[in-house]
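Here are the chains, one letter per residue:
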Amino acid sequence: MWIVYALLAAVFAALTSVLAKIGIENVNSHLATAIRTVVVLVLAWLIVWMTGAHQGVKVISTKSWVFLCLSGAATGLSWLCFYRAIQLGDVSRVSAIDKSSLVLTILFAAMFLGEPLSAKVVIGVLLITIGTLIMMF
């Protein structure tokens, strides 16, 4: 089932970029990011309340709070940079560079989480890197 969610995430991420590029015209990129963030916040909390997941807030560990907050800060900074980048450049080129975060994710997962780097993964990372460089120039 995780593959279905991953594919849906990719579709929604693609729509996010294209819709944002259209919507950001004549709008300050930081303001656009703030508007997007409010929509995400409202939608996320609606889903949490509708599914009853809000009851789990009481049992979240301090470690989880810290890392979820750090992840949120990283997300916010990523969105601010992404919106500014698509305002200044082509969304297809910006998205290609943005999606190269997959390479960093794989490397960070290996370094910090101990996830294995098989030959297949290394080849994939190299191909993604080459493709990103081709898209950039």
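Preceding this paragraph is the structure being described.
If you're wondering where the values come from, they're calculated on a predicted model, not measured in any experiment.

Rules and cut-offs
- Along each chain, numbering runs from 1 in the same order as the chain's sequence is written.
- Local features in this predicted model are restricted to residues of pLDDT 70 or higher, and side-chain atom pairs are both shown and tallied only at a pLDDT of 80 or more, whereas totals for entire chains, interfaces and linings draw on every residue.
- The side-chain numbers reported here are obtained from all heavy atoms of the structure, hydrogens and water having been left aside.
- Helix and strand labels come from DSSP, where a helix needs a run of H or I of at least four residues and a strand needs a run of E of at least two; each type is numbered from the N terminus.
- Contacts between residues were defined by any pair of non-hydrogen atoms, one from each residue, lying within 4.5 Å.
- For every accessible area listed, the method is Shrake-Rupley and the probe measures 1.4 Å; residues are considered covered only by the protein chains on display.
- Counting rule applied: Lys, Arg positive; Asp, Glu negative; His and chain ends not counted.
- Every charge is mapped to an atom, namely NZ of Lys, CZ of Arg, CG of Asp or CD of Glu.
- Ring geometry is summarised as follows: Phe, Tyr and Trp rings, the Trp one being its six-membered ring, pair when their centres sit within 6.5 Å, and such pairs are stacked at plane angles under 30 degrees, edge-to-face over 60 and tilted between the two.
- The rule is simple: take the accessible area with a 1.4 Å probe, protein chains only, and divide by the maximum for that residue type; under 20% is buried, over 50% is exposed, in between is partly exposed.
- In our convention, an over-ring charge means Lys NZ or Arg CZ found within 6 Å of a ring centre and within 35 degrees of that ring's normal.
- By nonpolar core we mean a set of buried residues, namely Ala, Val, Leu, Ile, Met, Phe, Trp, Tyr and Cys, connected to one another through side-chain atoms within 4.5 Å.
- Salt bridges are defined by distance alone: a side-chain nitrogen of Lys or Arg within 4 Å of a carboxyl oxygen of Asp or Glu.
- Note on definitions: angles span 0 to 180 degrees between N-to-C directions of axes, and those axes are lines fitted to C-alpha atoms, for helices only across the stretch in contact.
- With respect to orientation, any angle under 35 degrees is reported as roughly parallel, any angle over 145 as roughly antiparallel, any angle of 65 to 115 as roughly perpendicular, and every other angle as oblique.
- Crossing handedness: left-handed means the near helix sits turned counterclockwise from the far one by under a right angle, and right-handed means the same turn made clockwise.
- Classification used: nonpolar for Ala, Val, Leu, Ile, Met, Phe, Trp, Tyr, Cys and Pro, charged for Asp, Glu, Lys and Arg, polar for all others including Gly.

Caption draft 1: Region of the structure containing the overall build of the protein chain. Along the backbone of the protein chain there are six helices and zero strands. Going residue by residue from the N terminus, the α and β elements of the protein chain occur as α-α-α-α-α-α. C-alpha atoms of the protein chain, sized along the principal axes, occupy 50 × 45 × 25 Å. At a minimum sequence separation of 6, the contacts of the protein chain that also span at least 24 residues come to 71%. By element, 77% of the accessible surface of the protein chain is carried by carbon and sulfur atoms, the whole surface being about 10,300 Å². Measuring between centres, the 8 positive side-chain charges of the protein chain sit 8 Å from its 4 negative side-chain charges.

Caption draft 2: Structural detail: the packing of aromatic side chains. In this structure the tally under the stated criterion is two aromatic pairs. Aromatic side chains Phe 82 and Tyr 83 sit 6.3 Å apart centroid to centroid with 65 degrees between the ring planes, which places their arrangement in the edge-to-face category. Aromatic pair Phe 108 and Phe 112: ring centres 5.9 Å apart, planes at 50 degrees, arrangement tilted. Of the two residues, Phe 108 and Phe 112 both sit in helix H5 (residues 101-113), four residues apart, roughly one turn of that helix. For Phe 112, a relative accessible area of 61% corresponds to the exposed category. Seen from the ring of Trp 79, Arg 36 lies directly overhead, with NZ or CZ sitting 4.1 Å from the centre.

Caption draft 3: Just the nonpolar core, in detail. Ala 20, Ile 24, Ala 32, Phe 82, Tyr 83, Ile 86, Val 91 and Val 94 together form the largest nonpolar core, which totals eight residues. When residues of this core are traced back to their parent elements, those giving at least two are helix H3 (62-88) and helix H4 (91-99). For this core, the leading source of residues is H3, giving three residues. Look past the residues within four positions of Ile 86 in its chain and what remains in contact with it is Ser 17, Ala 20, Lys 21, Val 91 and Val 94.

Caption draft 4: Geometry of unusual backbone geometry. Residue Asn 26 is not a glycine yet carries a positive backbone phi of 60 degrees. With a relative accessible area of 77%, Asn 26 lands in the exposed category.

Caption draft 5: Expanded view of the pattern of salt bridges. Enumeration over the complete set of coordinates arrives at one salt bridge. We note a salt bridge from Asp 98 to Lys 99, for which the minimum N-O separation is 3.3 Å. Here Lys 99 falls in the partly exposed class, since its relative accessible area comes to 42%.

Caption draft 6: The packing of H5 against helix H6 (residues 119-136), seen in detail. Look at H5 against H6: their axes get within 9 Å of each other, and the N-to-C directions meet at 150 degrees. One way to sum up the angle between H5 and H6 is to call them roughly antiparallel. As H5 packs across H6, the resulting crossing turns out to be left-handed. Packed against H5, whose contacting residues are Leu 102, Val 103 and Ile 106, the element H6 presents Val 121, Val 125, Ile 128 and Thr 129 at the interface.

Caption draft 7: Here's a closer look at the packing of helix H2 (residues 29-51) against H3. Running from N to C, H2 and H3 point in directions that differ by 130 degrees, and their axes come no closer than 9 Å. Regarding the angle of H2 to H3, the classification is oblique. Both H2 and H3 take part in a crossing whose hand is right-handed. For the pair formed by H2 and H3, the contact residues are Ser 29, His 30, Ala 32, Thr 33, Arg 36, Thr 37 and Val 40 on the first element and Trp 79, Leu 80, Tyr 83, Arg 84 and Gln 87 on the second. When grouped by side-chain class, the residues that make up the contact of H2 with H3 number five nonpolar, five polar and two charged.

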